[in-house]
Amino acid sequence: MRGDSTVKQASKVTFAETDGSRVAREAAEPVPIAKCRQLLRSVLAIKPEPPPAGEEAPAESVLAETALESAGPELWRYPEEPDKVADKAADKAPEVGNKTKAAEKGGAAAGGVVAGDPSDRPPLEAKADPQAGALLMSHAWDAPDNWSKYFKAQLFADAKQIQVATGLHHAKKRGLAPEGRQMRVWVDCASLPDAVDQVDHPLEKIEYGPFLLPVRELKRLVAPVPGEALAVFTELRLDESMKYDSTMEIRTFDNQGRPSKEAETRQVQWEILPGWWQVRSARVVSAYRLSPEGAAAMDQFLPSMEQLQQWCVRLGLKDEIWVEFTIGTLRTESLNLTDTMIGLHGGMLAVVSWNYFDRLWPLCEWAIFCNRVGPGRVQLAADCFTGAALVEFHRVVRRLSITGAACRDERDRRLLLAFLEREFNCGFEHTTQCFRKPAPGVLTAAVTERVVDFAPLERYIRATAIAVFAREAALFGSRRLTYDDESGWTELANTLKLRELHGVLKKSKPWDWYEDAKRQVQRDPPAAPVADAEQDPELTAELAVAEAEETAYKERVEAWWNGLVLPVLEDERRKAVKR
């Protein structure tokens, strides 16, 4: 390359391989799954406790991470328009003493929205998780409209963080974390890459460029990659924008392919915005002393088969050769692979407030997860909400509607509905809306609209939701006589004509099970634990008996759930999915 050039690079630029690529190649997985492994990022769920004597302590990198359970309620503010949020909070938040909650930037806003700059959030950092199997956290960002009707003294964000922490510990006790690993969570605010601009969306803009760069500059950017371990994506991470300004020499060639002595210079200027990118395409262009025919004869870059650096080596490209490439964001790739990524999680933590099933994203996550992984791996985080507002949960299940569900970004609606149509047995028909003349002299034509029937899917979501809530009610209910359906889920199944589900839910007998558990412990009492010097031996023994009773009771609940309820839900799933 001749002429002066200026390259303003980001503070951190890498075209790097991730561990997920090696796992994917060795397992010979389908490309979509291999892509997802490279895209998956998760956060630590629960801070690890000091191990017992003789056991290996967690790695220092794990101990240094911020756990999701430790994140403050400010994490649950949707990252937009902080100034407007602060103003709204100051107007609506209840007064405490002489101060108004959330009146200042950074305080908790009314309705659970937290004001302040996003940079004030805890340092919750997602890390690459190619092994997959983490929990998928599904939630609705906004507080229910009538939150203050049921919870006058508590903000939604505070309650939500309590639910998250409690749900994580319940999921850990159920064994939803991969065995032998620290439990991790995929949570959208940390695991999904940020959009680089307003049009960064699969249905709007998937490709940026083209950009021109000589191989010499590529070598400065591309890290060497071992020959056998290839990532699916060639990644480009920019913490700051990258600007390039140079000149490219273009020559003419005679009939024998000889370049002219004189060269025409062409100015090359471009800028790449900060973000997490991948190289989508690349090809050699005619510049320096390479003819158009010579450039056209060279193979184009195959992004799913090789790294960009290896492509340059394979073609033997000289430093002066110019390459034209396009890039796309890994956020777009993540959104396009939503259904596949959901299926790679080992469990789902559903933080369900009574507007959860009114939102399209949570509906989609719930439906696809239950289909691909199973409702038996769903952990509810809703016990704080259901106590006072149980009737609202019944109402949201009754009014559940795929087409009527709200979506913050309307571009997501088409994307999510396409996932659901592809996954489930949703028929469609073209209904006539009206008749119009397309143009003068042309016969009147019918204007039709494509209408999708989501009824089978809505039935499946209702069935799984009622069943999961009924399981929670059995575990944490009062267990009093004649209170078998104290939360009303069995009757709701009957009202919604879920006959088979209603039949098995009627067999939930918390009082009988608890009485049986107590008799079982009386027949086979637990061994008396060794009490410390500061502990009361009688109290220690009573606690051991209570723990044994609780364990025996939960075993009865799980036997009912696994033996009766899950088979009914599997039948419902078969009716709802495409065959």
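Residues numbered from 1 in each chain as written. Predicted model: local features only at pLDDT ≥ 70, side-chain atom pairs only at ≥ 80, totals over all residues. Heavy atoms only, no water.

This brings us to the overall build of the chain. Of regular secondary structure, the chain possesses 20 helices and 17 strands. Here the chain, with 579 residues, has 46% of them falling under the buried criterion. Relative to all contacts within the chain whose residues are 6 or more apart in sequence, the contacts with residues 24 or more apart total 78%. Element-wise, carbon and sulfur atoms account for 49% of the exposed surface of the chain, whose accessible area totals about 28800 Å². (Helix = DSSP H or I, 4+ residues; strand = E, 2+ residues; numbered from the N terminus. Buried < 20%, exposed > 50% of the residue type's maximum accessible area, 1.4 Å probe, protein only. Contact = heavy atoms within 4.5 Å. Areas by Shrake-Rupley, 256 points an atom, 1.4 Å probe, with all protein chains shown as cover.)

This part covers the layout of surface pockets. Put simply, the largest pocket is a space of about 1400 Å³. Along the wall of the largest pocket there are 45 residues; nearest its centre are Tyr 78, Trp 141, Asp 188, Leu 192 and Arg 331. Counting only elements with at least two residues in the lining of the largest pocket, the list comes to β6 (135-139), α7 (188-191), α11 (330-336), α12 (338-342), α13 (360-372) and α15 (410-423). (1 Å grid on protein atoms, 1.4 Å probe; cavity = no way out; pocket = protein on both sides within 12 Å on 5 of 7 lines; lining within 4 Å. Points joined across faces, edges and corners; volume = space filled by probe spheres on them.)

This next bit is on the sheet that holds β6. An order of β5-β2-β7-β6-β14-β15 is seen for the six strands of this open sheet, with the pairing classed as mixed. Two strands in the sheet have a free side with no partner beyond their single neighbour: β5 (127-128) and β15 (378-381). (Pairing = 2+ DSSP bridges.)

Here we take up the packing of aromatic side chains. The final tally for this structure, using the stated rule, is 22 aromatic pairs. With a centroid separation of 5.5 Å and 75 degrees between ring planes, the pair formed by Tyr 150 and Trp 354 is classed as edge-to-face. In this pair, Tyr 150 sits in helix α5 (residues 147-150) while Trp 354 sits in the loop between β14 (347-351) and α13, placing the two residues 204 residues apart along the sequence. Taken as a pair, Tyr 150 and Trp 354 share a single burial class, namely buried. Relative to Phe 357, the ring of Tyr 356 lies with its centre 4.9 Å away and its plane at 85 degrees, an arrangement referred to as edge-to-face. Taken as a pair, Tyr 356 and Phe 357 share a single burial class, namely buried. Grouped by ring-pair contacts, the aromatic residues Trp 147, Tyr 150, Phe 151, Phe 156, Trp 354, Phe 393, Phe 469 and Trp 489 constitute a single cluster. The ring of Tyr 514 has Arg 479 sitting right over it, with the charged end atom 5.1 Å from the ring centre. (Phe/Tyr/Trp six-rings, centres within 6.5 Å; stacked < 30°, edge-to-face > 60°. Lys NZ or Arg CZ within 6 Å of the ring centre and 35° of its normal.)

For the rest of this paragraph, the subject is helix α19 (residues 510-523). With 14 residues, α19 should reach 20 Å at 1.5 Å per residue; the first-to-last C-alpha distance of 20 Å fits that figure. Elements that come into contact with the buried residues of α19 comprise α16 (455-476) and α20 (537-576). (Expected span 1.5 Å × (residues − 1).)

Take the packing of α13 against α15 next. Packed helix pairs are specified by the crossing angle of their axes together with the interaxial distance, meaning the distance between the axes. Two elements in contact, α13 and α15, have axes whose closest approach is 10 Å; the angle formed by their N-to-C orientations is 20 degrees. Judged on the interaxial angle alone, α15 and α13 are roughly parallel. Crossing of α13 over α15 shows left-handed handedness. Where α13 approaches α15, its residues Leu 360, Trp 361, Cys 364, Ala 367, Ile 368, Asn 371 and Arg 372 are matched on the opposing element by Asp 412, Arg 413, Leu 416, Leu 417, Phe 419, Leu 420 and Glu 423. Across the contact of α13 with α15, the residue classes tally to nine nonpolar, one polar and four charged. (Axes fitted to C-alpha atoms, helices over the stretch in contact; angles between N-to-C directions. Parallel < 35°, antiparallel > 145°, perpendicular 65-115°, else oblique. Left-handed = near helix turned anticlockwise from the far one by under 90°. Nonpolar A, V, L, I, M, F, W, Y, C, P; charged D, E, K, R; others polar.)

On to the pattern of salt bridges, then. Using the criterion set out here, one finds 31 salt bridges in the structure. Glu 65 serves as the salt-bridge partner of Arg 184, at 2.9 Å between the closest nitrogen and oxygen. With Arg 184 in strand β7 (residues 184-186) and Glu 65 in the loop between α3 (60-63) and α4 (82-92), this residue pair connects regions lying 119 residues apart in the sequence. Judged by relative accessible area, Arg 184 falls into the buried class, the value being 11%. For Glu 65, a relative accessible area of 8% corresponds to the buried category. For Asp 142, the salt bridge identified is with Arg 408, shortest N-O distance 2.9 Å. Placement of Asp 142 in the loop between β6 and α5 and of Arg 408 in the loop between α14 (383-398) and α15 is noted, with a sequence separation of 266 residues between them. Note on Arg 408: relative accessible area 34%, which makes it partly exposed. Counted as one network, the salt bridges with shared partners bring together Asp 339, Arg 372, Arg 422 and Glu 423. (Salt bridge = Lys/Arg side-chain N within 4 Å of Asp/Glu carboxyl O.)

With that settled, consider the sheet that holds strand β13 (residues 322-329). With respect to topology, four strands assemble into an open sheet ordered β8-β13-β12-β9, the strand pairing being antiparallel. Strands with a single pairing partner mark the edges of an open sheet, and in this sheet they are β8 (208-214) and β9 (235-238). The sheet shows a mean angle of 40 degrees between the axes of neighbouring strands, direction not considered. Strand direction decides the pairing type here: β8 and β13, joined by five bridges, are antiparallel. Counted as the bridge partner of Phe 211 is Phe 325 from β13. Against the sheet, helix α10 (residues 308-315) engages β12 (275-284) and β13, with an angle of about 20 degrees to β12.

Let's shift gears to empty space enclosed by the protein. A probe as big as a water molecule, rolled over the atoms, marks out the empty space that is left. Applying the stated rule across the entire model yields three cavities of 30 Å³ or more. Roughly 110 Å³ of volume is contained in the largest cavity. Lining the largest cavity are 14 residues, and of these Ala 470, Ala 473, Asp 484, Asp 485 and Ser 508 sit closest to its centre. Split into classes, the residues belonging to the lining of the largest cavity amount to eight nonpolar, three polar and three charged.

Attention now moves to the side chain of His 345. Examined against the element boundaries, His 345 turns out to sit in the loop between α12 and β14. Classification of His 345 as buried rests on a relative accessible area of 6%. Excluding residues within four positions of it along the chain, His 345 makes contact with Leu 40, Gly 133, Ala 134, Leu 135, Leu 136, Trp 186, Phe 369 and Val 373.

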